[in-house]
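Read off the chains here:
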Amino acid sequence: LDDGRSISVDTELVSPAPPRMGLLSNGRVLLDDGTGLGRIVDLGKKRTEVTGLRTSPNINHLASSFAGATRAVPANTWLAVHDLDSDELTYLGYEQVSVTDVGLSPQAEQVAWALGDRLAVEQIAGASEGEVLEVPGTRGIGFRNVDFVDANTIVALDWSGGARMLDWRSGEIVDEIDVGNNVSLGSYVRASDGAGVLFVRTNLWQNPLVIEVGGREFLGRYLIYGNANFTGVLAPAGESIVHWGAWA
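Quick caveat: nothing in here was measured; it's all calculated off a predicted structure.

A. Representation of the overall build of the protein chain within the structure. Of the regular secondary structure elements, the protein chain holds 0 helices and 22 strands. Rg of the C-alpha trace for the protein chain: 18 Å, near the compact-globule value of 18 Å for 248 residues, within the 12% margin. Projecting the C-alpha coordinates of the protein chain onto the three principal axes gives extents of approximately 50 × 45 × 35 Å. The 248 residues of the protein chain split such that 42% are buried. Summarising the internal contacts of the protein chain: among those between residues at least 6 apart in sequence, 33% fall at separations of at least 24.

So, in structure tokens, the structure goes:
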């Protein structure tokens, strides 16, 4: 990304399961196909390494999130936190909770949790570290996706297609729209603080919806046309939506 070069590396993936792609440090990419063996691709050296990921069948690799060399992935009612550099795996959670999605704030001070029947925000830095706040007004709603738009605002998508932006401290609805029912996949990609896109795939399997977000409101809506099964959005930091794209 620094020099704009295009690099092609054969990963020799043979599994029919779609891999989850995560960007690691030092120009590396992890491809996790859910088999317990992952491929770490070094783009600079054009080398592919096959390594054990300490996964098990109860981990949903398609729901994993990456930050640096850390992978966080739901494991039934637990959350598995995997340090890929040291290959250390820690399981968090001792209560029967259902974690649907998790989002990290722009300054990595809060974590937003979609717990199936509510939203919660946990303080992981600062004076109130360890405090967990249930977002007011979200109990009883089945949320599919949650992430931060900025430090004060979260964006959440429920299974029936309701998308809303919330002030997570007060529960105030900043903006909301209906994106259609039968949501099968939702993902928010932050391009900069306060701006990004919400990627939604509903029963229109081959024509997912992309909603532009900016200034604490939902802006334009766009259908992606194509025959591939689109699964994500790429939003380069600081670039307008004309430079963003989707991957299949």
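B. Fine view of the layout of surface pockets. Roughly 160 Å³ of volume is contained in the second largest pocket. Surrounding the second largest pocket, V197, V210, Y222, I224, V233, I241, V242, W244, G245 and A246 form its lining. Residue composition of the lining of the second largest pocket, grouped by class: 9 nonpolar, 1 polar and no charged.

C. Up close: the nonpolar core. Within the largest apolar cluster, 15 residues are counted, with the highest numbers of intra-cluster contacts made by V155, A163, V179, L198, V200, I211 and F218. Secondary-structure elements contributing two or more residues to this core are strand 14 (153-158), strand 15 (162-167), strand 18 (195-201) and strand 19 (209-214). In terms of residue count, the dominant contributor to this core is strand 19 (3 residues). If sequence neighbours within four positions are ignored, V155 has contacts with N145, V146, D147, V149, R164, M165, Y188, L198 and F218. Counting 12 residues, the second-largest nonpolar core is a separate cluster that includes A112, V121, V146 and W168.

D. Local environment of the sheet that holds strand 18. Ordered in space as 17-18-19-20, the 4 strands form an open sheet in which the pairing is antiparallel. Unpaired on one side and paired on the other, strand 17 (185-192) and strand 20 (217-223) mark the two borders of the sheet. Looking at each pair of strands side by side, their axes are set apart by 20° on average, direction ignored. Pairing between strand 19 and strand 20: 5 bridges, direction antiparallel. From the neighbouring strand, V213 faces strand 20, where its bridge partner is F218.

E. Broad picture of the environment of T153. By secondary structure assignment, the location of T153 is in strand 14. Ignoring sequence-local partners within four residues, the contact set of T153 consists of D147, F148, M165, L166, W168, V174 and R216. A polar side-chain atom of T153 sits 2.9 Å from a polar atom in the side chain of R216.

F. Inspection of the pairing of strand 14 at higher detail. Here strand 14 lies mainly inside the structure; 6 of its 6 residues are buried. Residues of strand 14 alternate between two faces, with T153, V155 and L157 on one and I154, A156 and D158 on the opposite face, all of them buried. Here strand 13 (residues 143-150) pairs with strand 14 via 6 bridges, running antiparallel. Each bridged residue has a counterpart across the sheet, and for N145 the counterpart in strand 14 is L157. Counting the residues in the hairpin turn of strand 13 and strand 14 gives 2 residues. Counted between consecutive antiparallel strands, the loop separating strand 14 from strand 15 contains 3 residues, among which G161 sits at a positive phi close to 100°.

G. Geometry of unusual backbone geometry. Despite not being glycine, K46 shows a phi value in the positive range, around 50°. With respect to the element layout, K46 can be found in the loop between strand 3 (37-42) and strand 4 (47-52). With a phi angle near 55°, A108 is a residue other than glycine that sits in the positive phi range.

H. Structural context of the pattern of salt bridges. Per the stated rule, a full pass over the model turns up 8 salt bridges. When the shortest N-O distance is used, the salt bridge between R5 and D3 registers 3.0 Å. Neither R5 nor D3 differs from the other in exposure class; each is exposed. Note that R47 is salt-bridged to E49, the shortest N-O span being 3.2 Å. Looking at R47, the relative accessible area reads 38%, which means it is partly exposed. Connected through salt bridges with shared partners, the residues D117, R118, E134 and R139 form a single ionic network.

Analysis parameters
Residues numbered from 1 in each chain as written. Predicted model: local features only at pLDDT ≥ 70, side-chain atom pairs only at ≥ 80, totals over all residues. Heavy atoms only, no water. Helix = DSSP H or I, 4+ residues; strand = E, 2+ residues; numbered from the N terminus. Rg over C-alpha atoms; globule rule 2.2 N^0.38 Å. Buried < 20%, exposed > 50% of the residue type's maximum accessible area, 1.4 Å probe, protein only. Contact = heavy atoms within 4.5 Å. 1 Å grid on protein atoms, 1.4 Å probe; cavity = no way out; pocket = protein on both sides within 12 Å on 5 of 7 lines; lining within 4 Å. Points joined across faces, edges and corners; volume = space filled by probe spheres on them. Nonpolar A, V, L, I, M, F, W, Y, C, P; charged D, E, K, R; others polar. Core = buried A, V, L, I, M, F, W, Y, C linked by side-chain atoms within 4.5 Å. Pairing = 2+ DSSP bridges. Axes fitted to C-alpha atoms, helices over the stretch in contact; angles between N-to-C directions. Polar contact = N/O pair within 3.5 Å; in protein donor to acceptor, adjacent residues only side chain to side chain. Salt bridge = Lys/Arg side-chain N within 4 Å of Asp/Glu carboxyl O.

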